[in-house]
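Listed here are the chains, written in short residue letters.
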Amino acid sequence: MNAEQTLVALSDRSPKVAPDELISGLVPPPQFEDVSFAGYRTDDSEPSQAQARDKLEEFVASSNSKGLFGKLFSKGKAGPKGVYLDGGYGVGKTHLLASAWHANEKPATFGTFVEYTNLVGALGFARARDDLSQMKLVCVDEFELDDPGDTVLMSRLMRELTDAGVKIIATSNTLPGALGEGRFAAQDFLREIQALADQFEVYRIDGQDYRHRSVSEPADPVPADQLDAEASGLDGVVARDDFQTLLDHLSTVHPSRYGRMVDGVDAAVWEDVQTIDNESVALRFVALVDRLYDRNVRIINSGQALNKVFTDESLAGGYRKKYMRCLSRLTALSSQ
């Protein structure tokens, strides 16, 4: 270990987060703390990117100009109350969402879909709704429905927030009318799904995954006998874990605390990465990678290549888009 390195283990961290910290913690992650609409790099061959940026700028400007009276008079009015950005992974949806948060009047919240469901679980529906109803804008990243309970919960929450005059911007890889497909019997929940869809004006963003424009797959794994030497060259706070031990530990920490668990980490070293053959374990791993990506944490590993971490069955299943986004982010983090 070099003098510029502090070694820790994520599997030793079990952070505690007080319920009242959850709302205050709903802000853009460090990677997006300074982004703006002006800094969004559009692809000239994909006009939908500039169009989506312009629509969001207009939406935020309109929201800001209305102020308190605009919020009061908008309560209960029919028609879309928010913007929904649909597009593939890596086209800059999160950048645009964070830019909207920065440009909008406060108070405002920014979080992933799972962070909002975790919030409801921690605070209870009534308190979460009441606290979020005080916001001028609620930003929801990576909107997705993984089970029927989430469908009913988020449909009700979005409806009650918009009825209270709160503006909402959401991003997803799935059109709102198709949420839940392939994960559960979505046709049994069409009313709730449609109620969600009716809250938004939908804008599509096309384009290639910018994380793959210069590199198409994760860095090669480091041979086990060379991992110490590679790891010793890393600076800052380095979290080194046996991969299976880390996965086991994730089951003991609520996903709402993963962000706190990786706070302050500059690099992660994973020993003996193996393919994950359990879906629950794989989804927890996705949540961890999302938080590492938020903080731009470099990853090196031994064992399996990171693009082999999910089974072929997982990549062909209902959570395919989650896994593909995760692989895109693993590529970015391991190829720095």
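Just above, that's the structure.
Calculation criteria
Residues numbered from 1 in each chain as written. Predicted model: local features only at pLDDT ≥ 70, side-chain atom pairs only at ≥ 80, totals over all residues. Heavy atoms only, no water. Helix = DSSP H or I, 4+ residues; strand = E, 2+ residues; numbered from the N terminus. Salt bridge = Lys/Arg side-chain N within 4 Å of Asp/Glu carboxyl O. Buried < 20%, exposed > 50% of the residue type's maximum accessible area, 1.4 Å probe, protein only. Pairing = 2+ DSSP bridges. Axes fitted to C-alpha atoms, helices over the stretch in contact; angles between N-to-C directions. Core = buried A, V, L, I, M, F, W, Y, C linked by side-chain atoms within 4.5 Å. Contact = heavy atoms within 4.5 Å.

The topology assignment puts Glu144 in the loop between strand E4 (137-141) and helix H6 (148-163). For the pair formed by Glu144 and Lys322, sequence separation is 178 residues and the distance between their alpha carbons is 9.2 Å.

What follows covers the pattern of salt bridges. Within the structure shown, the criterion is met by 17 salt bridges. The partner of Asp54 in a salt bridge is Arg53, with the nearest N and O atoms 3.2 Å apart. Given a relative accessible area of 32%, Asp54 falls into the partly exposed group. Taken together, the shared-partner salt bridges connect Arg129, Asp130, Arg156 and Glu160 into one network.

Strands in a sheet are paired, the pairing made by backbone hydrogen bonds, and the direction either parallel or antiparallel. Taken in spatial order, the four strands of this open sheet run E1-E7-E8-E9, and their pairing is parallel. Here the strands that pair on one side only, and so sit at the sheet edges, are strand E1 (5-8) and strand E9 (298-303). Across the sheet, the axes of successive neighbouring strands diverge by a mean angle of 20 degrees, strand direction being ignored. In this structure, strand E8 (residues 267-273) lies alongside E9, joined through five bridges in parallel fashion. By the bridge assignment for E9, Val269 is matched with Ile300.

Before going further, it helps to spend a moment on the sheet that holds strand E6 (residues 200-205). Here five strands make up an open sheet; going across it, the order is E3-E4-E5-E2-E6 and the pairing parallel. One side of each edge strand has no neighbouring strand; the edge strands of this open sheet are strand E3 (108-112) and E6. Strand-to-strand twist in this sheet, taken as the mean axis angle between neighbours without regard to direction, amounts to 15 degrees. Bridging between E3 and E4 involves five bridges; their strand directions are parallel. Bridge pairing in E4 places Ala108 opposite Leu137.

Glancing now at the pairing of strand E5 (residues 167-172). With respect to burial, E5 is a largely interior element, six of its six residues being buried. Neither face of E5 is left uncovered, since the one carrying Lys167, Ile169 and Thr171 and the one carrying Ile168, Ala170 and Ser172 both have all their residues buried. Strand direction decides the pairing type here: strand E2 (residues 82-87) and E5, joined by five bridges, are parallel. Paired with Gly82 across the strands is Ile168, a residue of E5.

On to the nonpolar core. Trp270, Phe285, Leu288, Val309, Phe310 and Leu330 are the most contacted members of the largest nonpolar core, which has 37 residues in total. Here the element with the most residues in this core is helix H11 (residues 279-294); it accounts for nine residues. Other than its neighbours up to four places away in sequence, Phe285 contacts Phe243, Leu247, Leu250, Trp270, Ile276, Val309, Phe310, Cys326 and Leu330. Judged by nonpolar contacts, the second largest core, of 26 residues, contains Val17, Leu26, Ala128 and Leu157.

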